[in-house]
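As a plain string of letters, each chain reads:
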Amino acid sequence: MGSEMCIRDRTEIAQHVNGYVSTAYWEIGQMLHERKIESGYGDSVVKRLSADLKERYPKMGVSPRNLWDMKKFYERFCHSDIKVRQAVALLPWGHILRLLQRVGDDDAAMLFYAKETRSKGWNRDLLLNAIKLKMYETQALAKVDNNFARTLPAVSYTHLTL
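The present account deals with the structure reproduced in this document. (Residues numbered from 1 in each chain as written. Predicted model: local features only at pLDDT ≥ 70, side-chain atom pairs only at ≥ 80, totals over all residues. Heavy atoms only, no water.)

Regarding helix 2 (residues 43-56)
A rise of 1.5 Å per residue sets the reference length of helix 2, with its 14 residues, at 20 Å; its end C-alpha atoms lie 20 Å apart and thus fit the reference within 8%. Here helix 2 has its buried residues at Val46, Ser50 and Leu53. Along the long axis of helix 2, the arc covered by the buried residues comes to 75°, so they all point the same way. Away from its buried face, by an angle of more than 90 degrees, helix 2 presents the exposed residues Ser44, Lys47, Arg48, Glu55 and Arg56. (Helix = DSSP H or I, 4+ residues; strand = E, 2+ residues; numbered from the N terminus. Expected span 1.5 Å × (residues − 1). Buried < 20%, exposed > 50% of the residue type's maximum accessible area, 1.4 Å probe, protein only. Arc of directions from axis to C-beta.)

Shown next, in the form of structure tokens:
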């Protein structure tokens, strides 16, 4: 019982930390977006920002590539439903990047994979396999509503003898 509680507590702490990291990355991405920093002419600005942030926060992953990813993160989710943003924000950054690369603009799929990752404790490889196996599409097909109960006659088994 004690070890289960310890694992649960660790998971909660990790989710809180991920939330704070996602918030910081969101704000950096938002700043890059609002200042209209684009690849090409904005490369020197991003390189300088990366150097400044590395100096101030040496343990924070702020390479120029990561800064561009933060901008993509903000731009991808800034108009998404709050449920999607919250579900994704609790994931580790590597998982978020994997979702950005593989899922695209489908908020329903993004929400599905984010929730499944959290509830099942998927690492990045398991998440990638789930995406490759199209688990979202598969589960969506499995939940297709049908009208069998409304249109087929009720079957009575009272006349059967055993």
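Back to the write-up after that little detour.
Let's talk about the nonpolar core
Grouped together as the largest cluster of nonpolar side chains are 32 residues, with contacts concentrated most on Val88, Leu99 and Tyr113. Going through the elements one at a time, helix 1 (2-34), helix 2, helix 3 (64-77), helix 4 (82-89), helix 5 (93-102), helix 6 (107-120) and helix 7 (124-132) are the ones with two or more residues in this core. Looking at which element gives the most residues to this core, the answer is helix 6, with 6 residues. Excluding residues within four positions of it along the chain, Leu99 makes contact with Leu91, Gly104, Met110, Tyr113, Leu127 and Ile131. (Core = buried A, V, L, I, M, F, W, Y, C linked by side-chain atoms within 4.5 Å. Contact = heavy atoms within 4.5 Å.)

Notes on the packing of aromatic side chains
Using the criterion set out here, one finds 7 aromatic pairs in the structure. Aromatic side chains Trp26 and Tyr74 sit 4.8 Å apart centroid to centroid with 70° between the ring planes, which places their arrangement in the edge-to-face category. Of this pair, Trp26 sits in helix 1 while Tyr74 sits in helix 3, and the two are 48 residues apart along the sequence. Pairing Phe112 with Tyr136 gives two aromatic rings, centres 5.7 Å apart and planes at 55°, and the pair type is tilted. Of this pair, Phe112 sits in helix 6 while Tyr136 is found in helix 8 (residues 135-142), placing the two residues 24 residues apart along the sequence. (Phe/Tyr/Trp six-rings, centres within 6.5 Å; stacked < 30°, edge-to-face > 60°.)

Re the side chain of Thr117
Structurally, Thr117 is set in helix 6. With relative accessibility at 4%, the residue Thr117 sits in the buried group.

Side note on the pattern of salt bridges
Should their charged atoms come close, side chains of opposite charge can pair. One pass over the full model with this rule turns up 7 salt bridges. Of the charged contacts in the structure, one is a salt bridge between Asp107 and Arg76, with a shortest N-O distance of 2.8 Å. With Asp107 in helix 6 and Arg76 in helix 3, this residue pair connects regions lying 31 residues apart in the sequence. Its salt-bridge partner being Glu116, residue Lys120 comes within 2.4 Å of it at the nearest N-O pair. In this pair, Lys120 and Glu116 are both assigned in helix 6, 4 residues apart and thus about one turn of the helix distant. Of the residues examined, Glu116 reaches a relative accessible area of 16% and is grouped as buried. (Salt bridge = Lys/Arg side-chain N within 4 Å of Asp/Glu carboxyl O.)

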